[in-house]
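Overview (structure and organization)
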Amino acid sequence: MTSKLTVLRSPLGRRLLVAFLVVALSSVLVLTLAALIATDRGLTGARHADQQRTADRAAAAVATAYLAAGGWASVDLGDASGLAEAADGHLVVLDSSGAMVWPGRGMGGMGARMMSAGHVAQAPVRVGGARVGTARVSFAGDVSGARRIAWSWVAGAAAVALLVALAVSGFVTRRLTRPLLALAGAARRFTAGERSARAGSRAGAPGEVGEVIRAFDAMADEVVRGEAVRRRLSADVAHELRTPLAGLQAGLEELRDGLRAPDAERLGALHDQTLRLSRIVADLADLSAAESAALSLRPAEADLAAIARAALASQLPQLEAAGLRVHTDLTGALAVRADPDRLHQVVVNLLTNAARYCRTGDGLSLRGYADGPEAALEVADTGPGIAAEDLPHVFDRLWRGDRGREVAGSGIGLAIVRELVTAHAGTVTAASGDGSGTTVTVRLPLASTSRPPSTATRS
């Protein structure tokens, strides 16, 4: 009951209820009037048909009396008048000249009044094929018991329809506005900091209202996930920077206090820490550029297979030093419209990532092929693979998983890959089974079907 009153107190609920009621009342009123008019006309038509049949019978009786009397002079029309009176009518008979024959001449005024009251049905009086007069039967007003009964049924049906319309209007109003009120309340709570606020508890919201509620809940989940990613990003950046900074600070304090001699070995160690810091900052700058309008693409006709071969050639010493067995299948040309330098960066990041996590003796393969309207590049390895719970997060910034924390790196390379591929209107996916290797697939539109990549990615 409280929820119903809340719905009625809302401006939208009141407006919807009024609108539904206006439509319902208008419909019921129009249908009731139409039913009353149709019923009245039907009853009137039936009554007039009955009255005409009464006039025809009376005319036949007058003709019989005319034949028996041999004319109008001594005719007895009592039987014909009785037929009319049995049907609640009054008989008036005129001869061929229009002079009144029945009732008698002394009742002419009354006969005229009878003829002027209500409906008058008339029929010719024919004897031997010749018309000798006219029989007119006048009836009182057409209000009848049948009409009153019909009208009472129509009025009852209209009342029932109105009650049903009121009930349906209230139900529909409540069904539309209650989910919207729940959505507004959830939005206010979410804005106030209650990140668990959702509107989806109002199950069964109809049509587009349900879609809006589901979209809001999905948006709220994405906001919560984004906030968690930002918190984790801040923590991971702090962690990544803390280790080299701590090493630099300790080394410099040793040199300052004279605990260590500033020899080449010690200065080289400090220099390595600065290089690590520079690498982390450069990775963060690349990721920031890939996620913002600072990244400007220079699209041109390019061969994805050729770009992959060039990237592999530049990384081959590193792959061989890691003890990886490299296999390629990049013979066919894959024409795409893209920025060759950025695609080169994508392939280099994928190869570097594979070299970092694979074990000595593992295999690494590059395969390029056309798949319908897309060019596909697969970078697959036989390394330790990715845990199922970590697989959905491999393209998140600074995500390294429990196993990845044992390997040097910033956890930004695959995030940069995703942003660069997305900027080229492509997709990148990862598939892996724990302990059975990883396959990363990059898909880009072929040059004949590709959409022009954006000159700058979304910020």
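Notes on the structure follow. (Residues numbered from 1 in each chain as written. Predicted model: local features only at pLDDT ≥ 70, side-chain atom pairs only at ≥ 80, totals over all residues. Heavy atoms only, no water.)

Digging into the side chain of N349
Relative to the helices and strands, N349 resides in helix α9 (residues 340-357). Assessed through its relative accessible area of 18%, N349 is described here as buried. Filtering out sequence-adjacent residues up to four positions away, N349 remains in contact with G413, I416 and V417. (Helix = DSSP H or I, 4+ residues; strand = E, 2+ residues; numbered from the N terminus. Buried < 20%, exposed > 50% of the residue type's maximum accessible area, 1.4 Å probe, protein only. Contact = heavy atoms within 4.5 Å.)

Let's talk about the nonpolar core
Formed by 41 residues in total, the largest nonpolar core has its most connected members in L304, V336, L350, L351, L364 and L366. Looking at this core, the elements that each hand over two or more residues are α8 (304-321), β7 (335-338), α9, β8 (363-371), β9 (374-381), α11 (413-423) and β11 (438-445). Take this core: its biggest share by element is 8 residues, from α9. Leave out the neighbours within four places in its chain, and V336 touches A300, E301, A302, L304, L343, A375, L444, P445, L446 and A447. By size, the runner-up hydrophobic cluster in this structure holds 24 residues, among which are A63, A80, A84 and A121. (Core = buried A, V, L, I, M, F, W, Y, C linked by side-chain atoms within 4.5 Å.)

Structural notes on unusual backbone geometry
At D88, a residue that is not glycine, the phi angle is positive and equals roughly 60°. Among the structural elements, D88 can be located in the loop between α3 (78-86) and β1 (89-95). Taking the relative accessible area as the measure of exposure, D88 reaches 60% and is therefore exposed. In this model, A425 sits at a positive phi of 65°, which is unusual for a non-glycine residue. As for its placement among the helices and strands, A425 is situated in the loop between α11 and β10 (427-432). In this structure A425 comes out as partly exposed when scored by relative accessible area, which is 23%.

Notes on the packing of aromatic side chains
How two aromatic rings sit relative to each other is given by the distance of their centres and the angle of their planes. Going through the model one piece at a time under the given rule, you end up with 2 aromatic pairs. A centroid spacing of 6.4 Å and a plane angle of 75° characterise the contact between F190 and F216, whose relative ring orientation is edge-to-face. Of the two residues, F190 is situated in helix α5 (residues 145-191) and F216 in helix α6 (residues 207-257); the sequence distance between them amounts to 26 residues. Take F190 and F216: they sit in the same class, and that class is buried. (Phe/Tyr/Trp six-rings, centres within 6.5 Å; stacked < 30°, edge-to-face > 60°.)

Describing the packing of α9 against α11
For any two helices packed against each other, one specifies the inter-axial angle together with the distance between the axes. Following both chains from N to C, one finds α9 and α11 inclined at 150°, their axes separated by 9 Å at the closest point. In this view, α9 runs roughly antiparallel relative to α11, as classed from their interaxial angle. Crossing angle aside, the handedness with which α9 passes α11 is left-handed. For the pair α9 and α11, the contacting residues are R342, Q345, V346, N349, L350 and N353 in the first and G413, L414, I416, V417, L420 and V421 in the second. Residues that form the contact of α9 with α11 fall into these classes: 7 nonpolar, 4 polar and 1 charged. (Axes fitted to C-alpha atoms, helices over the stretch in contact; angles between N-to-C directions. Parallel < 35°, antiparallel > 145°, perpendicular 65-115°, else oblique. Left-handed = near helix turned anticlockwise from the far one by under 90°. Nonpolar A, V, L, I, M, F, W, Y, C, P; charged D, E, K, R; others polar.)

Concerning α3
Along α3, the residues classified as buried are A80, S81 and A84. Buried residues in α3, looked at end-on, bunch into an arc of 100°, giving them a common side. Residues D79 and A86 are exposed on α3 and point more than 90 degrees away from its buried face. Of the residues trailing α3, D88 is marked for its positive phi of about 60°. (Arc of directions from axis to C-beta.)

Points about the environment of D50
Mapping D50 onto the fold places it in helix α2 (residues 11-69). Accessibility expressed as a relative area gives 41% for D50, which makes it partly exposed. For the pair D50 and A121, spaced 71 residues apart in sequence, the C-alpha separation works out to 9.7 Å.

Description of the layout of surface pockets
In this structure, the second largest pocket occupies an estimated 270 Å³ of space. The wall of the second largest pocket is formed by E222, V223, R225, G226, V229, R230, D396, R397, R418 and E419. If you list the elements that add at least two residues to the lining of the second largest pocket, you get α6 and α11. By residue number, the principal contributor to the lining of the second largest pocket is α6, which donates 6 residues. Along the lines of polarity and charge, the residues of the lining of the second largest pocket split into 2 nonpolar, 1 polar and 7 charged. (1 Å grid on protein atoms, 1.4 Å probe; cavity = no way out; pocket = protein on both sides within 12 Å on 5 of 7 lines; lining within 4 Å. Points joined across faces, edges and corners; volume = space filled by probe spheres on them.)

Considering the pattern of salt bridges
A full pass over the atoms with the stated rule returns 12 salt bridges. The residue E227 makes a salt bridge to R195 at a minimum N-O spacing of 3.1 Å. On the criterion of sequence distance, the pair formed by E227 in helix α6 and R195 in the loop between α5 and α6 is long-range, its members being 32 residues apart. Within the structure, one salt-bridge network assembled from shared partners comprises D371, E374 and R443. (Salt bridge = Lys/Arg side-chain N within 4 Å of Asp/Glu carboxyl O.)

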